[in-house]
Amino acid sequence: MEGITKLQAGEQVDQYLLIKQATKGVTTVGKPFMSLVLQDKSGDIEAKLWDTNEEHEQMYKAETIVRVGGEIHDYRGKNQLRIKQIRVAKQEEGISINELVPSSSTPKEQLFDELTQFFFEIKNPNISRITRHIIKIHQPEILVFPAATKNHHDYASGLLDHVVSMLRLGKAICDLYPTLNRDLIYAGIILHDIGKVKELSGPVATTYTVEGNLLGHISIMVDEIGQAAKELEIDGEEVTLLKHIVLSHHGKEEWGSPKKPMIQEAEILHYIDNIDAKMNMLSRALGKTKPGEFTERLFALDNRAFYKPTI
């Protein structure tokens with residue numbers, strides 16, 4: 001069965017999908033409907049259910065496996081699923097959620113093993129101890145959590161995939177620019193998004209937690225660095241620098257950064273983060289586009305559609 005994101009407009013759909021998100025709305029004439037985000041291993045697609053009622057809202061909740069019949073159509077440059085039939089999958093049909101949740105193409109154990117190799121390159125004992133301490137606490141979640149609810153690395157083990165990819169990029173950049181402090185770059189990369197294990201609900205039907213909505217992953221991690229330093233009785237500039245890198249990794253206030261980067265390692269980490277997120281979005285969008293055609297519009301990239309060259 002072809003993955004849902006690999007299908008083109010006009011193609012028919014008859015397959016099992018997982019409801020990733022379900023939100024209710026009302027049309028301009030006051031009729032209730034539901035917006036669904038449905039997914040399989042290949043990714044997700046939006047769909048609308050019209051003329052819904054409370055019973056539908058109870059049946060078609062996030063984390064529910066459904067059998068869907070319908071057709072792919074183009075809606076404002078983006079594929080949508082037009083639902084013709086939908087029902088909740090029965091237990092005896094034997095479909096598990098794991099079969100429908102996208103995950104990293106590299107096994108999570110292999111990714112985690114690669115991450116731990118970077119600890120051996122962190123020479124500063126204070127930076128090394130704080131980073132190891134935090135990773136040890138959150139290891140079970142780090143192995144499986146996504147890095148976001150949508151846009152980039154929004155799949156099981158996506159957070160780990162993102163961090164390891166950034167570490168590879170960080171290593172190459174440190175080789176090019178020897179004035180950069182590797183300890184700060186590597187530790188900053190490892191820690192910058194780990195607050196997401198508290199900000200997000202988990203790898204299935206990912207949503208924001210109460211803590212995530214009220215505090216956000218940046219504040220959560222700054223707090224954890226302070227807590228780790230206290231428990232390890234570490235007191236020094238390293239603690240402030242690690243906090244600053246986490247605080248400034250979104251780069252600009254309008255992008256949700258409490259501080260702009262004010263040390264060179266923080267500036268570079270922001271670019272590394274941005275490159276990896278954008279490349280993940282682009283490679284996924286181009287992966288489902290034929291040569292000589294354009295991708296769907298990518299909201300997180302200024303709503304641009306990207307051309308896939310034939311050469």
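Residue positions are given per chain, counted from 1 along the sequence in the order it is written. For this predicted model, a pLDDT threshold of at least 70 governs which residues receive local features, and a threshold of 80 or more governs which side-chain atom pairs are given and counted, while totals over whole chains, interfaces and linings are taken from all residues. The basis for every side-chain value is the complete set of non-hydrogen atoms in the structure, without hydrogens or water.

1. Examining the pattern of salt bridges
Just so we agree on the cut-off: When a carboxyl oxygen of Asp or Glu is within 4 Å of a side-chain nitrogen of Lys or Arg, the pair counts as a salt bridge. Strands here mean DSSP runs of E at least two residues long; helices mean DSSP runs of H or I at least four residues long; both are numbered from the N terminus. In this scheme, a residue with accessible area under 20% of its type's maximum is buried, one over 50% is exposed, and one in between is partly exposed, where area comes from a 1.4 Å probe on protein chains only.
A full pass over the atoms with the stated rule returns 15 salt bridges. The partner of D44 in a salt bridge is K20, and the shortest N-O contact between them spans 2.8 Å. With D44 in strand β3 (residues 43-50) and K20 in strand β1 (residues 12-26), the pair connects residues that are 24 residues apart, well separated along the chain. D44 sits in the partly exposed class, given a relative accessible area of 29%. Judged by its relative accessible area of 3%, K20 falls in the buried class. Here D154 makes a salt bridge to K20, at a shortest N to O gap of 3.5 Å. Here K20 lies in strand β1 and D154 lies in the loop between α3 (125-144) and α4 (158-176), a separation of 134 residues in the sequence. Beyond isolated ion pairs, a larger network of salt bridges with shared partners links K20, D44, D154 and R284.

2. Observations regarding the packing of helix α9 (residues 237-248) against helix α10 (residues 264-287)
For the record, the criterion: Angles here are taken between N-to-C directions and fall from 0 to 180 degrees, while the axes themselves are lines fitted to C-alpha atoms, restricted in helices to the stretch in contact. Crossing handedness: left-handed means the near helix sits turned counterclockwise from the far one by under a right angle, and right-handed means the same turn made clockwise. Whether two residues are in contact is decided by their heavy atoms, any of which lying within 4.5 Å being enough. Polar here means any residue outside two lists: the nonpolar Ala, Val, Leu, Ile, Met, Phe, Trp, Tyr, Cys and Pro, and the charged Asp, Glu, Lys and Arg; Gly therefore counts as polar.
Interhelical geometry of α9 versus α10 gives an angle of 35° and a closest axis separation of 9 Å. In this structure, the crossing between α9 and α10 has a hand that is right-handed. Contacts between α9 and α10 involve H244, I245 and S248 from the former and E265, A266 and L269 from the latter. Tallied by class, the residues present in the contact of α9 with α10 amount to three nonpolar, two polar and one charged.

3. A closer look at the packing of α3 against α9
For the record, the criterion: Should an angle lie under 35 degrees it is considered roughly parallel, over 145 roughly antiparallel, and from 65 to 115 roughly perpendicular; all remaining angles are considered oblique.
Two elements in contact, α3 and α9, have axes separated by 9 Å at closest approach and are oriented at 55°. Classified by the angle between their axes, α3 and α9 sit oblique to one another. In the crossing of α3 with α9, the sense of the turn from one axis to the other is right-handed. Counted together, N126, I127 and I130 of α3 and E238, V239 and L242 of α9 form the full contact between these two elements. Split into classes, the residues belonging to the contact of α3 with α9 amount to four nonpolar, one polar and one charged.

4. Observations concerning the domain arrangement of the chain
Going by this rule: Note that domain bounds follow an automatic or database assignment of domains. Once two parts are brought into contact, the accessible area they lose, counted with a 1.4 Å probe and summed over both, makes up the buried area. Whenever a nitrogen or oxygen atom comes within 3.5 Å of another N or O atom, the pair is scored as a polar contact, on the condition that within protein one atom can donate a hydrogen and the other can accept it, and that pairs from neighbouring residues in sequence are kept only if both atoms are in side chains.
Domain annotation for the chain reports domain 1 (4-99) and domain 2 (108-284). Between the C-alpha centres of domain 1 and domain 2 the distance comes to 33 Å. Between domain 1 and domain 2, the contact holds eight residues from the first and five residues from the second. Carbon and sulfur atoms make up 53% of the surface buried where domain 1 meets domain 2, a total of about 500 Å² over both sides. Sorting the residues of domain 1 by area buried against domain 2 places K20, Q21 and E63 first, and these three jointly supply 67% of that buried surface. Viewed at the interface, domain 2 and domain 1 are joined by one salt bridge. Taken together, domain 1 and domain 2 are joined by one residue pair in polar contact (both at pLDDT 80 or more). Ranked by residue count, the leading element in the side of domain 1 that touches domain 2 is β1, at four residues. When the residues that make up the side of domain 1 that touches domain 2 are grouped by side-chain class, the tally is four nonpolar, one polar and three charged.

5. Focus on the packing of aromatic side chains
We apply this condition: The aromatic pairing rule takes the rings of Phe, Tyr and Trp, using the six-membered ring of Trp, and pairs them if the centres are within 6.5 Å, calling planes under 30 degrees apart stacked, those over 60 edge-to-face and the rest tilted. Over a ring means this: the NZ of a Lys or the CZ of an Arg is within 6 Å of the ring centre and within 35 degrees of the ring normal.
Inspection of every chain in the model, using the stated rule, returns three aromatic pairs. Seen from their ring centres, F294 and Y307 are 5.2 Å apart, and the 55° between their planes marks the pair as tilted. Of this pair, F294 sits in the segment after α10 while Y307 sits in the segment after α10; the two residues are 13 residues apart in sequence, bridging distant segments of the chain. Overall, F294 belongs to the exposed group, its relative accessible area being 54%. The ring centre of Y16 lies 4.6 Å from the NZ or CZ of R67, which sits over that ring. The ring of F120 has R132 sitting right over it, with the charged end atom 5.8 Å from the ring centre.

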